[in-house]
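Each chain, letter by letter, is given below.
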Amino acid sequence: MPDAMRIRANMQGEKVAVRVLMSHIMETGQRKDASGKIVSAWFIQNVVAKHNNRVVLDAQFGPAVSQNPLLAFTFAGGKPGEKVQVTWTDNRGESRSDEATIA
Amino acid sequence: MKRAMVGLAIACVSAMSYAQTDTQAEIEKYRQLLQDGNPAELVEAAGEELWKTPRGPNKVSLERCDLGLGPGVVKGAYARLPRYFADVDRVMDFESRLVHCMVTLQGFNREDLVKKPFAGAGEPQTDLEKLTTYVVTQSRGVTIAVPQGHPKEIASFERGRKIFFYRAGPYDFSCASCHGVDGQRIRLQELPNLTDAAKARKAFASWPAYRVSQGTVRTMEWRLYDCFRQQRFPELKYLSDAAVDLTTFLGVQANGGTMESPSIKR
């Protein structure tokens, strides 16, 4: 089970501001290790954020995104106490899902 | 002609010093922007899990570990280390105490634990780093109060002070060579004058920190190890008396400050 994400969601005026800190090595597949062998690619490919089962963000990440990505976004229609769920999937098929309550 | 040249020289000098303060202000602004989303939070979460999970041959968690404030008390403990511990009759810094608890409570082998205490750049954090990050976060906002009550604590401080001013190595550097005067820097990294109380507090309070350039959280033991490496000194042994004594000296110099760790650095 991959490491947990840290999600913070609070109201910013009428909109909800969400910050997600994901724990992931985000290996590009271009690096070489000490012996000269390529370190194989391992990065998040897809991030989906849902609010009350409605998709509010669907992001395509790639090898250009750095380690432990911090994603910040806003969406409309949320109220304090409701849940925001964020799920990521990587190129090895692993995924992680976490939830937070809007402050 | 001469007066005009002198005037030009003065104008150039003042322009340069203005630019330097401007740069520092920009770097400070950049650091503030980095504060949000500190990946050290992820390391702290992993460390908390390691602290509370029964592990090792004895299948025990670290929740009975005495960090100086009583068994199991983690809140505020880091801000009062290094200190004297009666059960080992010597002064220990946090990392020595952590390894001590892992060996005595959990039954781990000491050699295995200290073999590779620091993660390489880009590697996943070691367990020791994760646990250190967790414990130090529990001292966030706490006033630094490294004790100097016991004779061994005072002796440790004195030895640490001696080390701080001791010149050695191929460059004939001491810690004070870089950290003993105001206004010095290496490339774009300013060097805090650790003999100045205000600067010493700020510096001690900021370690351990997440080092963006290395992608890992770095502890106080690592910082001292790296300083020795940069001075081209012989390698500073992990958890050695020298490391603990230096930490005691720097900690006492920083007494009265507020722990900010884990912070985020270049």
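Here's a quick rundown of the structure.

## Here's the deal with the sheet that holds strand β4 (residues 54-60) of chain A
Residues and elements named next belong to chain A.
Part 1: Read from one edge to the other, the open sheet built from four strands follows the order β4-β3-β6-β7, with strand pairing classed as antiparallel. In the strand order of this sheet, the two ends are held by β4 and β7 (95-101), each with one partner. Strand-to-strand twist of the sheet, defined as the mean angle between neighbouring strand axes without regard to direction, takes the value 15°.
Part 2: Inspection of the sheet shows strand β6 (residues 83-90) paired to β7 by seven bridges, in the antiparallel sense. Residue pairing across strands places W88 opposite R96, the latter belonging to β7.

## What to know about the side chain of B:Q138
Part 1: Examined against the element boundaries, B:Q138 turns out to sit in the loop between α5 (127-137) and α6 (151-165).
Part 2: In this structure, B:Q138 is in contact with B:E44, B:V74, B:K75 and B:G76, ignoring residues within four places of it in sequence.

## Some details on the state of the cysteines
Residues and elements named next belong to chain B.
Part 1: According to the stated counting rule, one finds one disulfide over all chains in the structure shown.
Part 2: Through a disulfide, C65 is tied to C101; the S-S separation comes to 1.9 Å. Its S-S torsion of about 80° marks the bond between C65 and C101 as right-handed, since a negative value means left-handed. With C65 in the loop between α2 (40-52) and β1 (83-85) and C101 in helix α3 (residues 94-104), this pair connects stretches of sequence that are 36 residues apart.
Part 3: Take C65: its relative accessible area is 0%, and that puts it in the buried class.
Part 4: Classification of C101 as buried rests on a relative accessible area of 3%.
Part 5: For C178, which is in no disulfide, the shortest distance to another cysteine sulfur is to C227 and amounts to 8.1 Å.
Part 6: No disulfide involves C227; its sulfur sits 6.8 Å from that of C175, the nearest cysteine.

Criteria and cut-off values
Residues numbered from 1 in each chain as written. Chains lettered and ligands numbered in written order. Predicted model: local features only at pLDDT ≥ 70, side-chain atom pairs only at ≥ 80, totals over all residues. Heavy atoms only, no water. Pairing = 2+ DSSP bridges. Helix = DSSP H or I, 4+ residues; strand = E, 2+ residues; numbered from the N terminus. Axes fitted to C-alpha atoms, helices over the stretch in contact; angles between N-to-C directions. Contact = heavy atoms within 4.5 Å. Disulfide = S-S within 2.5 Å. Buried < 20%, exposed > 50% of the residue type's maximum accessible area, 1.4 Å probe, protein only.

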